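# Descriptive analysis of the structure
Below are the chains, spelled out letter by letter.
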Amino acid sequence: MSSKVNSLLICLFILHLWSALIVRGRKIGIYEIKKGDFSVKITNYGARIISVLVPDKNGKIGDVVLGYDTIKEYKNDTSYFGAIVGRVANRIGGAQFTLNGTLYKLIANNGNNTLHGGPKGFSHVVWKVSKHERHGSHPHITLTYHSGDGEEGFPGDLRVSVTYALKDPYKLSVVMKAKALNKATPVNLAQHSYWNIGGHNSGDILSNVIQIFASHITPVDEHLIPTGEIIPVKNTPYDFLKPRKVGSQMINKHQNGYDINYVLDSSEKMKPVAIVYDKKSGRVMVVQASAPGVQFYTANFVINKKGKDGCVYQPHSALCLETQGFPDAVNHPNFPSTIVTPGKTYVHKMLYMFSLVKY
């Protein structure tokens, strides 16, 4: 039997395992959107991106996001690989906040703090697939989720959706929406893919060149909770206003990497966020978004994670560019508000654009 046939049988077997899984009456599956040699696979478990296939400068197709081979691994995942995180992305200090005179106590899952919506959050629930067009002129998929009043401690019912769509040439659009149905509530959704544009199995990203369009950061305490300050990056290791290698001034010795919110400079609705370049593959990724901030994270806590194709991921094996509202904004009145009131719709748009530099 040829290696191609073997590979096909393995893929069909994995797809069968995924398609057979049902959680709380809802089927978990893999859904592809494809445009030529550009394809993205998504699972409705956590509305996660599980693969992004794009060519390199030699025409070789590679998968540029970290992930797993099976749903069991995603269910046990603590790194949020590819997930939509919420109801509130990032950290909420002390796992509590006060809104309209009421103190809301959340579930702490990161020391004394709440991280990415709590121990379940939106990353560990099964979303409904409401639309899916795999091919054609507008390949896309829309997933929806209803978050009930009191879920993980948050107030009010919330209707959430995310649409992934492919556009020419090599553009991936992500549109996250949420509508508060009966109570004001904090909402801060983020797309948490781990990018290694050299290929998910190509080693670390320390030699990737990155430019981040942000002159300020929101510094944090020893528990990674913002202090409430907004400080300039000039003359600090956080300064990526000009392109430079990720590892050129590695900081935070106790973590050996970056994990910080940048305050994006532009006031435009869709603003430039970052540009990443990998010399070996020639791939370039440009990120734009409508959110006011971006968490730059260098996979510091990814240690001995067995990922796709038997690859073992280590710290700095990828980078995250999680566009977002500011972390812990519910406890810092000087930060842009993340509160959504009934009748208002939260909208967070992202655009990933891939290209090649052939030298």
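Every chain's residues receive numbers from 1 upward, in the order its sequence appears when written. pLDDT decides what is reported in this predicted model: residues at 70 or higher carry local features, side-chain atom pairs at 80 or more are listed and counted, and totals for whole chains, interfaces and linings draw on all residues regardless. Processing note: side-chain calculations cover all non-hydrogen atoms of the structure and skip hydrogens and water entirely.

## Observations concerning the confidence of the model for the protein
For every residue, the predictor reports its confidence as pLDDT, a number between 0 and 100. Averaged over all residues, the pLDDT of the protein is 93; the fraction at 70 or higher stands at 91%. For residues 1-10, every residue scores under 50 in pLDDT, and the model assigns this stretch two contacts once sequence neighbours within four places are set aside. Contacts were defined at the residue level, with two residues in contact if any of their heavy atoms lie within 4.5 Å.

## What about the pairing of strand β13 (residues 140-147)?
Of all the eight residues making up β13, six are buried; the element is thus mostly covered by neighbouring parts of the structure. The pairing criterion is simple: DSSP has to find at least two bridges between the two strands. The helix and strand labels rest on DSSP assignments: H or I over at least four residues marks a helix, E over at least two residues marks a strand, and numbering proceeds from the N terminus. Examined bridge by bridge, strand β12 (residues 128-133) and β13 share five bridges and lie antiparallel to one another. What sits directly across from Val129, in β13, is Leu143. Between the end of β12 and the start of β13, which pair antiparallel, lie six residues, with Gly136 showing a positive phi angle near 90 degrees. Note on classification: 1.4 Å probe, protein chains only; a residue is buried when its accessible area is under 20% of the maximum for its type, exposed when over 50%, partly exposed between these limits.

## Some remarks on the pattern of salt bridges
Any carboxyl oxygen of Asp or Glu that lies within 4 Å of a side-chain nitrogen of Lys or Arg is treated as forming a salt bridge with it. Evaluation of the coordinates by the stated rule reveals four salt bridges. Notably, a salt bridge pairs Lys308 with Asp63, separated by 2.6 Å at the nearest N-O pair. In this pair, Lys308 is assigned in the loop between β26 (305-306) and β27 (312-313) and Asp63 in strand β6 (residues 61-63), connecting sequence segments 245 residues apart. One salt bridge in this structure joins Asp149 and Lys183, with 3.1 Å as the shortest N-O distance. Placement of the pair is Asp149 in the loop between β13 and β14 (158-167) and Lys183 in the loop between β15 (171-180) and β16 (185-186), with a sequence separation of 34 residues.

## Topic: the nonpolar core
For this analysis, a nonpolar core means a set of buried residues of the types Ala, Val, Leu, Ile, Met, Phe, Trp, Tyr and Cys, connected via side-chain atoms within 4.5 Å. Val52, Trp127, Tyr164, Tyr262, Phe296 and Leu321 are the most contacted members of the largest nonpolar core, which has 60 residues in total. Setting aside anything within four residues of it in sequence, one finds Tyr262 in contact with Ile212, Ala214, His216, Ile217, Val233, Tyr238, Phe240, Pro292, Gly293, Val294 and Phe296.

## Let's talk about the UniProt feature "active site" (unreviewed entry) in the protein
UniProt positions are given in the numbering used here, feature names are shortened, and annotations may be inferred rather than shown by experiment. Per the UniProt record, the feature "active site" (unreviewed entry) sits at His192 and Glu322. Over a stretch of 131 residues, the named residues converge on one spot in the fold, their C-alpha atoms separated by at most 5.9 Å. Locating His192 in the fold gives a position in strand β17 (residues 190-192). Classification of His192 as buried rests on a relative accessible area of 2%.

## Thoughts on the environment of Ser207
Positionally, Ser207 belongs in the loop between β17 and β18 (209-212). Sequence spacing of Ser207 and Asp149 is 58 residues, and the spatial spacing of their C-alpha atoms is 45 Å.

## Here's the deal with the packing of aromatic side chains
In this analysis, rings of Phe, Tyr and Trp, with Trp reduced to its six-membered ring, are considered paired at centre separations within 6.5 Å, and the interplanar angle assigns stacked below 30 degrees, edge-to-face beyond 60, and tilted for intermediate values. Overall, the coordinates contain 21 aromatic pairs when judged by the stated rule. Between the aromatic rings of Phe326 and Phe335, the centroid separation amounts to 5.3 Å while the plane-to-plane angle is 80 degrees, which identifies the pairing as edge-to-face. With relative accessibility at 4%, the residue Phe335 sits in the buried group. Aromatic rings pair up to connect Tyr68, Tyr74, Phe81, Tyr194, Tyr297, Phe301 and Tyr313 into one cluster. Only when the NZ of Lys or the CZ of Arg is both within 6 Å of the ring centre and within 35 degrees of the ring normal is a charge said to sit over the ring. It is Arg244 that lies over the ring of Phe240; its NZ or CZ is 3.8 Å from the centre.

## Focus: the sheet that holds strand β4 (residues 38-43)
With antiparallel pairing, the four strands of this open sheet are ordered in space as β3-β4-β5-β6. Strands with a single pairing partner mark the edges of an open sheet, and in this sheet they are β3 (30-35) and β6. Here the average twist between neighbouring strands, direction ignored, is 15 degrees. The convention used is that axes are lines fitted to C-alpha atoms, helices contributing only their stretch in contact, and that angles between N-to-C directions extend from 0 to 180 degrees.

## Let's talk about the side chain of Asp157
Mapped onto the elements, Asp157 comes out in the loop between β13 and β14. By the criterion applied in these results, polar contacts are pairs of N or O atoms within 3.5 Å in which, for protein atoms, one can donate a hydrogen and the other can accept it, and in which residues neighboring in sequence qualify only through two side-chain atoms. Reaching out from Asp157, the side chain makes a polar contact with the side chain of His146 at a distance of 3.0 Å. Reaching out from Asp157, the side chain makes a polar contact with the side chain of Asn182 at a distance of 2.7 Å. Ignoring anything within four residues of it in the chain, the contact list for Asp157 reads His146, Ser147, Gly148, Asp149, Lys179, Ala180, Leu181 and Asn182.

## What to know about unusual backbone geometry
Backbone torsion omega between Gly86 and Arg87 reads 10 degrees, so that peptide bond is classified as cis. On the secondary structure map, Arg87 appears in the loop between β7 (83-85) and β8 (91-92).

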